[in-house]
Amino acid sequence: MPLWLDLLIRVAAVLAGFLVLPLVVGQAEHKVMAHMQGRLGPMYAGAFHGWAQLVADGVKFVQKEDIHPDGSDRTVFRLAPMVALFPYLVVILTIPLGPNGLVAQSLDIGLFLVLAVLGIGVVAVLMSAWASANKYSLLGGLRGAAQLLGYELPLVLAAASVAMAAGTLSLPGIVEAWRPWWLIWQAPAAVVFFVSGLAEIRRPPFDMPIADSELVFGYMTEYTGLRFAFFLLAEYVGIVVIAALTTVLFLGGWHGPYAESLGWLWTLLKAAAVAFVIIWFRVTFPRLREDQLQRLCWLILVPLSLAQLVLTVAVRSLL
């Protein structure tokens, strides 16, 4: 196959996943929350099991007027939603879907790149908060910055544990080195990574930056129409990315029966199960207060991830 055609196919596949998978997660969230909370609307829009709910939301966003607040920095204000989306697109490029090179771009330092790029999310939060010229947006942005900077540490430490266990920073290499008994050995790191990932994408119960009961809608208060929709899309892409990374790092990725032919299916099924848990958390747990959120990070997750690193070093030295 010519290089240009191979590159074109990979880029098209990544863009398709980037655009389609978040919509699937969004539709699933409508249905899961409708069943768990007895919501009627999402179950009837478009007749058959509410299939048109997501379409209705899209039409609603398109029809809304694009408003810029007085005193806002319009350039930064417009760029913030795109900056929020960009890191996740880069991360999806490096996530292996199956064996035998079924990945858009395999890198020897893939995990390092993923962790570095995910940190850009705080820039989008601060851009939208400052450019909105709104005190509620600014407060939400400062909360978001404190949250994202704090939870970066346990996220990185948990990922470092599994990378140390596998002996590589390559995401396909980590999946290849994975063994079923890691489900027990690396379980603390998996919990830390998952919880920190929820905080990184600001999903409930870690949604203090947008706390609607206190800050209207935080750093997204002044956004309307498609720009607001882009922020929501970034949230759903974040769910896909965190679910996929949890699957690749801690759940064995494509490992399963007939992995050579069905490995991609196992990856998708595991990621879907993790995404379901993320949605379940939104329905189940109330929002954490700021002090509770920081206490969880610094007094529980960071010590737990450090202890996991010590355990990983000990086990690796014995093997």
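Before any of the text, the structure's been laid out above.
Residues numbered from 1 in each chain as written. Predicted model: local features only at pLDDT ≥ 70, side-chain atom pairs only at ≥ 80, totals over all residues. Heavy atoms only, no water.

Topic: the nonpolar core
Line of reasoning, step 1. Counting residues in each nonpolar core, the largest one holds 86 residues, and the members touching the most others are Leu245 and Leu249.
Line of reasoning, step 2. Residue contributions to this core peak at 17 residues, all from helix α12 (residues 225-250).
Line of reasoning, step 3. Look past the residues within four positions of Leu245 in its chain and what remains in contact with it is Val91, Ile95, Val114, Leu118, Leu171 and Phe193. (Core = buried A, V, L, I, M, F, W, Y, C linked by side-chain atoms within 4.5 Å. Buried < 20%, exposed > 50% of the residue type's maximum accessible area, 1.4 Å probe, protein only. Helix = DSSP H or I, 4+ residues; strand = E, 2+ residues; numbered from the N terminus. Contact = heavy atoms within 4.5 Å.)

Observations regarding the side chain of His30
Line of reasoning, step 1. Within the fold, His30 resides in helix α1 (residues 3-37).
Line of reasoning, step 2. Engagement of the side chain of His30 in a polar contact is seen with the backbone oxygen of Gly26, the distance being 3.0 Å.
Line of reasoning, step 3. If we skip the residues at most four places from it in the chain, His30 touches Pro42, Gln53, Leu54 and Asp57. (Polar contact = N/O pair within 3.5 Å; in protein donor to acceptor, adjacent residues only side chain to side chain.)

What to know about the packing of helix α7 (residues 135-166) against helix α14 (residues 290-318)
Two quantities define a packed helix pair, namely the angle between the helix axes and the distance between the axes.
Line of reasoning, step 1. Two numbers describe how α7 lies on α14: the axes approach to 9 Å, and their chain directions differ by 15°. Our classification of the angle between α7 and α14 gives roughly parallel. Once α7 is placed against α14, the crossing between them reads as left-handed. (Axes fitted to C-alpha atoms, helices over the stretch in contact; angles between N-to-C directions. Parallel < 35°, antiparallel > 145°, perpendicular 65-115°, else oblique. Left-handed = near helix turned anticlockwise from the far one by under 90°.)

Considering the environment of Trp181
Line of reasoning, step 1. Relative to the assigned elements, Trp181 resides in the loop between α8 (171-177) and α9 (182-185).
Line of reasoning, step 2. Look past the residues within four positions of Trp181 in its chain and what remains in contact with it is Val315 and Leu319.

Considerations on the pattern of salt bridges
Line of reasoning, step 1. Applying the stated rule across the entire model yields six salt bridges.
Line of reasoning, step 2. Two residues, Arg282 and Glu29, come together in a salt bridge whose shortest N-O distance is 3.2 Å. Separated by 253 residues along the polypeptide, Arg282 in helix α13 (residues 259-284) and Glu29 in helix α1 bring together distant segments of the chain.
Line of reasoning, step 3. Among the residues examined, Arg282 registers a relative accessible area of 33% and is labelled partly exposed. (Salt bridge = Lys/Arg side-chain N within 4 Å of Asp/Glu carboxyl O.)

Observations concerning the packing of α12 against α13
Line of reasoning, step 1. α13 packs onto α12 with a crossing angle of 120° between their chain directions and a minimal axis gap of 8 Å. Judged by the inter-axis angle, α12 sits oblique to α13. Considering how the two elements wind past one another, α12 and α13 form a crossing that is right-handed. Counting all contacts with α12, which are made through Ile239, Ile242, Ala243, Ala244, Thr246 and Thr247, the residues of α13 involved are Thr267, Lys270, Ala271, Val274, Ala275 and Ile278.
Line of reasoning, step 2. Looking at side-chain class alone, the contact of α12 with α13 contains eight nonpolar, three polar and one charged residues. (Nonpolar A, V, L, I, M, F, W, Y, C, P; charged D, E, K, R; others polar.)

Structural notes on the side chain of Ser137
Line of reasoning, step 1. In this structure, Ser137 sits in helix α7.
Line of reasoning, step 2. Accessibility expressed as a relative area gives 0% for Ser137, which makes it buried.

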